[in-house]
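# A look at the structure
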Amino acid sequence: MVIQILRGLLFAVGLLVSIPLVQADGHLTRDEPILPLPSHIELDSRKVHLGNILYHDVRLSADDTISCAHCHNLETNGSDGQPRSKGIGGAVGDIKAPTVYNSGFNFVQFWNGRAASLEEQIGGPINNPIEMGSSWPQVLAKLNADPAMVSAFSQIYQDGITEQNIRDAIATFERSLITANSPFDRWLLGDETAISELELNGYLLFKDYGCTSCHQGKNVGGNMYGYMGAIGNYFSDRGDELTQADLGRYQVSGIDDDRHLFKVPSLRLAALQKFFFHDASVSKLEEAIQIMGRYQLGRKIPNEDVSAIAAFLKSLVGTHPQLVKP
Ligand code: HEC
Ligand code: HEC
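The model shown is predicted, which means the values in this text are computed figures rather than measured ones. (Residues numbered from 1 in each chain as written. Chains lettered and ligands numbered in written order. Predicted model: local features only at pLDDT ≥ 70, side-chain atom pairs only at ≥ 80, totals over all residues. Heavy atoms only, no water.)

In this section: the coordination of the iron atom of ligand 1. In this structure, the iron atom of ligand 1 receives exactly one donor atom from the protein: H72 (NE2), at 2.1 Å. The topology assignment puts H72 in the loop between α3 (68–71) and α4 (118–127). (Donors = N, O, S within 2.8 Å, 3.2 Å for Na, K, Ca; no water. Helix = DSSP H or I, 4+ residues; strand = E, 2+ residues; numbered from the N terminus.)

Right under this line is the structure:
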């Protein structure tokens, strides 16, 4: 009898401590709202290589001064660390540059989702008068005048240098920008010791407060839209005049209900950012967490919990050969 009870107890304890791993995306992971990033996806390595070169090529801008990397520096966090990006001739944009890392996992591109794919997104900065200020005919003419480029393209694409092939190569390169193997992902994959007690506690709070209702999946965001200010009016409390960029998805759809609706940003590299939110209104991670609690969940998050959530967000930062961690 005693032995049976003991056995029952041991079994119950075993259930509690054993890691129930489930099959997700081809590997075993914990049954959680956040999924690990794949360390590798099948991509044509020749396109990745060419895309990397194009990504750093200033000839994509009108006056040969600005490459994609100018605003999306891969060594820092795939962004420019500025509240607003400076483009051609020092022109200043109206919204914070997001990271390009893991952008291949976003369901749409841009804060307001106006590009359906990475391929489509690339036309944005090239043609934008305050970013690269160029045009496809200009870009094609410059690259076609370079025999090394002509040869590089012709080895991969039958029709050589075209707008579509430039988009294809850069987008393929961007899909390779994955920050895998973060401590949190290693924990998801079953490594008990990968994160600290504080980080684990931060994750449990992140779930308990309801952050995962919007920040979820592989990218801890990037798979749905959400209002900035689901509860309470963030914009009137902010005080600054409303900008076009603040309108979010309304800019694309013209539908009233889409005012202040944004693509929920990925939090994978949030801990490396210098500024938070589309308007870069905040420069401290802890403050960003508090604002989220207040305007998305109607909760005042105590400082202790904020610190734990911040620690969890830091554990989401993975590695990539070009990313230099601070
Ligand atoms: C002058 C600075 C600048 C340059 C140059 C630039 N970008 Fe951006 N990029 C931005 C800003 C700002 C945004 C956000 C715009 C928005 O959402 O309305 C952005 C958004 C993006 C996004 C969307 C990411 C997301 O999470 O929604 C991708 C991908 C991207 N850029 C890639 C590129 C590529 C590729 C190039 C080169 C062809 C490039 N950018 C050139 C500033 C720049
Ligand atoms: C209702 C959906 C929703 C919920 C719930 C939510 N968020 Fe957000 N989160 C968003 C949206 C939308 C943005 C972008 C807002 C903007 O830029 O104006 C955002 C932005 C952020 C940012 C800034 C990211 C960046 O790139 O600037 C952080 C950090 C963040 N959220 C953390 C959290 C935390 C922590 C919680 C829980 C306490 C949480 N969020 C709950 C939708 C949500």
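The structure having been displayed, the exposition proceeds.
Now for the domain arrangement of the protein chain. What the domain assignment lists for the protein chain is domain 1 (45–175) and domain 2 (183–314). Here the C-alpha centroids of domain 1 and domain 2 sit 27 Å apart. Each partner contributes residues to the interface: domain 1 has 22 residues there, and domain 2 has 25 residues. The largest per-residue losses of area from domain 1 upon contact with domain 2 belong to F107, W111 and N112, which jointly make up 32% of the total buried on that side. Along the contact surface separating domain 1 from domain 2 lie zero salt bridges. There are eleven residue pairs in polar contact (both at pLDDT 80 or more) connecting domain 1 and domain 2. Partitioned by chemical class, the residues of the side of domain 1 that touches domain 2 number eight nonpolar, ten polar and four charged. (Domains from an automatic or database assignment. Contact = heavy atoms within 4.5 Å. Buried area = accessible area lost by both parts, 1.4 Å probe. Salt bridge = Lys/Arg side-chain N within 4 Å of Asp/Glu carboxyl O. Polar contact = N/O pair within 3.5 Å; in protein donor to acceptor, adjacent residues only side chain to side chain. Nonpolar A, V, L, I, M, F, W, Y, C, P; charged D, E, K, R; others polar.)

Looking at the metal site, the iron atom of ligand 2 is ligated by H215 (NE2) and M292 (SD), spaced 2.1 to 2.3 Å from it. Taking relative accessible area as the criterion, H215 reaches 10% and is therefore assigned buried. When its relative accessible area of 22% is taken as the criterion, M292 is described as partly exposed. (Buried < 20%, exposed > 50% of the residue type's maximum accessible area, 1.4 Å probe, protein only.)

Around ligand 2, the structure places 22 residues, and the nearest of them are C211, C214, H215, H278 and M292. H215 places a polar side-chain atom, nitrogen or oxygen, 2.9 Å from a nitrogen atom of ligand 2. Separating an oxygen atom of ligand 2 from a backbone N or O atom of F277 is a distance of 2.6 Å. At four residues, helix α12 (residues 285–297) tops the list of elements feeding residues into the shell around ligand 2. Looking at the shell around ligand 2 residue by residue, the classes come out as 14 nonpolar, seven polar and one charged. (Near = heavy atom within 4 Å.)

Turning to the packing of aromatic side chains, a few remarks are in order. Taken as a whole, this structure holds 13 aromatic pairs when the rule is applied. Look at F184 and F312: their rings are 5.0 Å apart centre to centre, the planes differ by 75°, and that puts the pair in the edge-to-face class. Separated by 128 residues along the polypeptide, F184 in helix α8 (residues 183–188) and F312 in helix α13 (residues 303–314) bring together distant segments of the chain. Ring centres of Y234 and F235 lie 5.0 Å apart, and the angle between their planes is 85°; on these two criteria the pair is classed as edge-to-face. By relative accessible area, F235 is classed as buried at 4%. Three or more aromatic residues joined by ring pairs form one cluster here, namely F184, W187, Y203, F206 and F312. Between R30 and the ring centre of W187, over which it is positioned, the NZ or CZ distance is 3.8 Å. Its end group placed over the ring of F110, R114 keeps NZ or CZ at 3.7 Å from the ring centre. (Phe/Tyr/Trp six-rings, centres within 6.5 Å; stacked < 30°, edge-to-face > 60°. Lys NZ or Arg CZ within 6 Å of the ring centre and 35° of its normal.)

A turn of α-helix holds 3.6 residues, and therefore any two residues three or four places apart point the same way. Buried within helix α5 (residues 136–144) we find W136, V139 and L143. Buried residues in α5, looked at end-on, bunch into an arc of 65°, giving them a common side. (Arc of directions from axis to C-beta.)

With that settled, consider the site of ligand 1. Residues in contact with ligand 1 amount to 26 residues; listed here are only the nearest, C68, C71, H72, F110 and K263. In this structure, an oxygen atom belonging to ligand 1 sits 2.9 Å away from a side-chain N or O atom of R114. Contact between ligand 1 and K263: an oxygen atom at 2.4 Å from a side-chain N or O atom of the residue. Sorting the residues of the shell around ligand 1 by element identifies α3, α4 and α7 (163–175) as the ones contributing at least two each. Considering each element in turn, the shell around ligand 1 owes the most residues, three residues, to α4.

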